[in-house]
Structures are given as C-alpha cells and as structure tokens.
Amino acid sequence: SGADTSTVAAVGLTNQHKNEISYTAHGLLSPTDWYASRKAEAGTAIPSAVATYRAAVRTKAADMHTKIDAADTVDKLAALYVYTGDPLTRPLGEWPDPVE
C-alpha cells in the first residue's frame, strides 16, 4: 500500500527469461574466453571456427532477447519455448553447436 516504483523492485518475467538467456550464453562462451584473453594480451589470432562460434552465440542471444521482448503476454512468452513440427523446432531456436 502506498508503494511506488522507487520502493518496489520486482523482476518481471521478461527480465527473468532474458537473464536466463544471458546466463546460458555466458556459460557457452566461457570455455573459449581464453582465446579472447590471449588475443588481447599477446595478439595471437582467435581461430576462425572459435570466432565464428562466439559470434553465433552472441547473435543467437540477441535474437532470443528480441523475441522475448516482443512477447507481450504470458501465453506468447510460453509459446516461444514450445517445440512443434517435423523436425521439432521452437520459435526461440537452438544454441549453436560448440566448437571442438
């Protein structure tokens, strides 16, 4: 009662889902972070397959964020995760396969 935006802090569903996407992207990028560190520190090139993978993860995360932002109801948000069709796909799509 009497609360306003400066006294109530709640994370909405959109932010929760976007945070989960960001957390997953971070986890996918972490194993190859050393390439970026090596590049920054020693100037050693990042292998093209690794650079391509890292860019694909960042692009996919941004695309997922955009789709989540566009879901203006709980039902639309939930529908992003539903697999349909043959082969099975979902509107959010899948993460890129890791590089070996």
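Heads up: these notes are all about the structure in this document. All values derive from a computational prediction rather than experimental measurement.

Some remarks on helix 1 (residues 13-29)
Here is step 1: Taking 1.5 Å per residue as the helical rise, helix 1 with its 17 residues ought to reach 24 Å, and the 24 Å between its terminal C-alpha atoms agrees with that figure.
Here is step 2: All buried positions along helix 1 are accounted for by K18, I21, A25 and L29. Burial along helix 1 is one-sided: seen end-on, the buried residues are contained in an arc of 70°. In helix 1, the exposed residues that point more than 90 degrees away from the buried face are Y23 and H26.

Quick look at the environment of V57
Here is step 1: By secondary structure assignment, the location of V57 is in helix 3 (residues 48-70).
Here is step 2: Exposure remark for V57: the relative accessible area of 0% places this residue in the buried category.
Here is step 3: Spatially, the C-alpha atom of V57 lies 6.3 Å from that of A25, the residues being 32 residues apart in sequence.
Here is step 4: Residues within four places of V57 in sequence aside, it is in contact with A25, L28, L29, W95 and P96.

Here's the deal with the pattern of salt bridges
Charged atoms that come close allow side chains of opposite charge to pair.
Here is step 1: Tallying each qualifying case throughout the model produces six salt bridges.
Here is step 2: K60 is the salt-bridge partner of D63, the closest N and O atoms lying 3.8 Å from each other. Remark: K60 and D63 occur in helix 3; sequence separation between them is three residues, near one turn of the helix.
Here is step 3: The exposure class assigned to D63 is partly exposed, which follows from its relative accessible area of 29%.
Here is step 4: Ionic pairing is found between D72 and K76, a salt bridge with its closest N-O pair at 2.9 Å.

Looking at the environment of V11
Here is step 1: Along the chain, V11 falls in the segment before helix 1.
Here is step 2: Spatially, the C-alpha atoms of V11 and T32 are 30 Å apart, while their sequence positions differ by 21 residues.
Here is step 3: Other than its neighbours up to four places away in sequence, V11 contacts Q16 and N19.

Considerations on the nonpolar core
Here is step 1: Judged by nonpolar contacts, the single largest core of 13 residues is most densely connected at I21, V57, I68, L80 and W95.
Here is step 2: Sorting the residues of this core by element identifies helix 1 and helix 3 as the ones contributing at least two each.
Here is step 3: For this core, the element with the most residues is helix 3, which contributes five residues.
Here is step 4: For L80, the residues in contact, after removing those within four places along its chain, are K67, I68, A71, R90, P91 and L92.

So, the packing of helix 1 against helix 3
Here is step 1: Two elements in contact, helix 1 and helix 3, have axes whose closest approach is 10 Å; the angle formed by their N-to-C orientations is 175°. When the interaxial angle is binned, helix 1 and helix 3 end up roughly antiparallel. Across the interface between the two elements, T14, H17, K18, I21, S22, A25, L28 and L29 of helix 1 pack against Y53, R54, V57, R58, A61, M64, H65, I68 and D69 of helix 3.
Here is step 2: For the contact of helix 1 with helix 3, the class distribution of residues is nine nonpolar, four polar and four charged.

Calculation notes
Residues numbered from 1 in each chain as written. Predicted model: local features only at pLDDT ≥ 70, side-chain atom pairs only at ≥ 80, totals over all residues. Heavy atoms only, no water. Helix = DSSP H or I, 4+ residues; strand = E, 2+ residues; numbered from the N terminus. Expected span 1.5 Å × (residues − 1). Buried < 20%, exposed > 50% of the residue type's maximum accessible area, 1.4 Å probe, protein only. Arc of directions from axis to C-beta. Contact = heavy atoms within 4.5 Å. Salt bridge = Lys/Arg side-chain N within 4 Å of Asp/Glu carboxyl O. Core = buried A, V, L, I, M, F, W, Y, C linked by side-chain atoms within 4.5 Å. Axes fitted to C-alpha atoms, helices over the stretch in contact; angles between N-to-C directions. Parallel < 35°, antiparallel > 145°, perpendicular 65-115°, else oblique. Nonpolar A, V, L, I, M, F, W, Y, C, P; charged D, E, K, R; others polar.

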